[in-house]
Amino acid sequence: MDKTAVQRLAGFLRLLVWAVFVINLLCLLLVPGFVAYLVEGGPAEVARVLRHGLEQWIGGQGDRNFTIALTFFASWWAVWTETYPALLTLFFWVCGTCTASILWQAKKILDTILEGNPFQQCNAQALNRAAVNCWIISGAALVRLTLNFLRWRSAAPLFTYNALFVPAFLMGGLLFQVMSALFRQAAELKEDQDLTI
């Protein structure tokens, strides 16, 4: 049986979702290292270390790469010694885990589209889980924003990505909830129609 244009697109999207899912999991492993560098010197230090490491790698000098790898390995312990790096690591891990879960739910939905039967209760449940994960990210960003207000005692946290995460993921969760309700209704109508026939 020939695939429809929607199924071909779903197959391509499924490959992209798998790729991003794997990259997301790999990034979760690197979070403590990036947090350690961020705490030491901010984003400029991370950029400098990565640029220097890339130059060393291209130039064939491997000792700097070993230093970077050692720092990333040691940071798994070091980030827990102070409050700010520990909270930052937890925030990134919560967000990363939730985005991995959202991607997994998308993969499950794309699987049913590839089967040619997208209007199922399992898709409504997957969209509902994605909504909950969006709300967890929004809540974690709100907690981090509040802690930054208390830490810096200024309006500076309003100009960070955390301030953007709160409404963006809140609205994303609401959108997933609406889509979940639509899929649930469509699945019920399909079941009624199948029973009628």
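Everything that follows concerns the structure shown earlier in this document.
Residues numbered from 1 in each chain as written. Predicted model: local features only at pLDDT ≥ 70, side-chain atom pairs only at ≥ 80, totals over all residues. Heavy atoms only, no water.

A. Inspection of the packing of aromatic side chains at higher detail. Overall, the coordinates contain nine aromatic pairs when judged by the stated rule. Relative to W104, the ring of W18 has its centre 5.5 Å away and its plane inclined at 90 degrees; by these criteria the two rings are edge-to-face. In this pair, W18 is assigned in helix 1 (residues 5-59) and W104 in helix 3 (residues 83-115), connecting sequence segments 86 residues apart. For W18, a relative accessible area of 32% translates into the label partly exposed. (Phe/Tyr/Trp six-rings, centres within 6.5 Å; stacked < 30°, edge-to-face > 60°. Helix = DSSP H or I, 4+ residues; strand = E, 2+ residues; numbered from the N terminus. Buried < 20%, exposed > 50% of the residue type's maximum accessible area, 1.4 Å probe, protein only.)

B. Region of the structure containing a nonpolar patch on the surface. Judged by side-chain polarity, W18, V22, L26, L29, L30, W76 and W104 come together as a nonpolar surface patch covering roughly 630 Å² of accessible area. On the secondary structure map, L30 appears in helix 1. (Patch = residues over 30% accessible without salt bridge, like charges linked within 9 Å, V, L, I, M, F, W, Y side chains within 5 Å. Areas by Shrake-Rupley, 256 points an atom, 1.4 Å probe, with all protein chains shown as cover. Salt bridge = Lys/Arg side-chain N within 4 Å of Asp/Glu carboxyl O.)

C. Up close: the packing of helix 4 (residues 121-152) against helix 5 (residues 161-196). Packing of helix 4 against helix 5 leaves a shortest axis separation of 7 Å and a crossing angle of 165 degrees. It follows from the interaxial angle that helix 4 and helix 5 lie roughly antiparallel. As for the relative orientation of helix 4 and helix 5, their crossing is left-handed in sense. Taken together, the residues that form the contact of helix 4 with helix 5 break down as 21 nonpolar, ten polar and four charged. (Axes fitted to C-alpha atoms, helices over the stretch in contact; angles between N-to-C directions. Parallel < 35°, antiparallel > 145°, perpendicular 65-115°, else oblique. Left-handed = near helix turned anticlockwise from the far one by under 90°. Nonpolar A, V, L, I, M, F, W, Y, C, P; charged D, E, K, R; others polar.)

D. Spatial organisation of the packing of helix 3 against helix 4. Running from amino to carboxyl end, helix 3 crosses helix 4 at an angle of 165 degrees, the nearest separation of the two axes being 9 Å. Compared by their axis directions, helix 3 and helix 4 come out roughly antiparallel. As for the relative orientation of helix 3 and helix 4, their crossing is left-handed in sense. In terms of residue class, the contact of helix 3 with helix 4 is made up of 19 nonpolar, seven polar and four charged.

E. Summary view of the side chain of S180. Looking at where S180 falls in the secondary structure, it is placed in helix 5. We classify S180 as buried; its relative accessible area is 1%. Leaving out residues up to four positions away in the same chain, S180 has contacts with A124, L127 and N128. (Contact = heavy atoms within 4.5 Å.)

F. Quick look at the nonpolar core. Core analysis: the biggest nonpolar cluster contains ten residues, these being F91, C95, C98, I102, A130, C134, I137, A140, A141 and V166. Elements represented by at least two residues in this core include exactly helix 3 and helix 4. Among the elements that line this core, the one with the most residues is helix 4, at five residues. Among all residues touching A141, those that are not within four sequence positions of it are F91, N162, F165 and V166. (Core = buried A, V, L, I, M, F, W, Y, C linked by side-chain atoms within 4.5 Å.)

G. How the structure looks around helix 5. With 36 residues, helix 5 ought to run about 52 Å at 1.5 Å a step, and its terminal C-alpha atoms sit 51 Å apart, in line with that. Listed in full, the buried residues belonging to helix 5 are N162, A163, V166, G172, G173, S180, F183, A186 and A187. Looking at the buried positions of helix 5, the neighbouring elements they touch are helix 3 and helix 4. (Expected span 1.5 Å × (residues − 1).)

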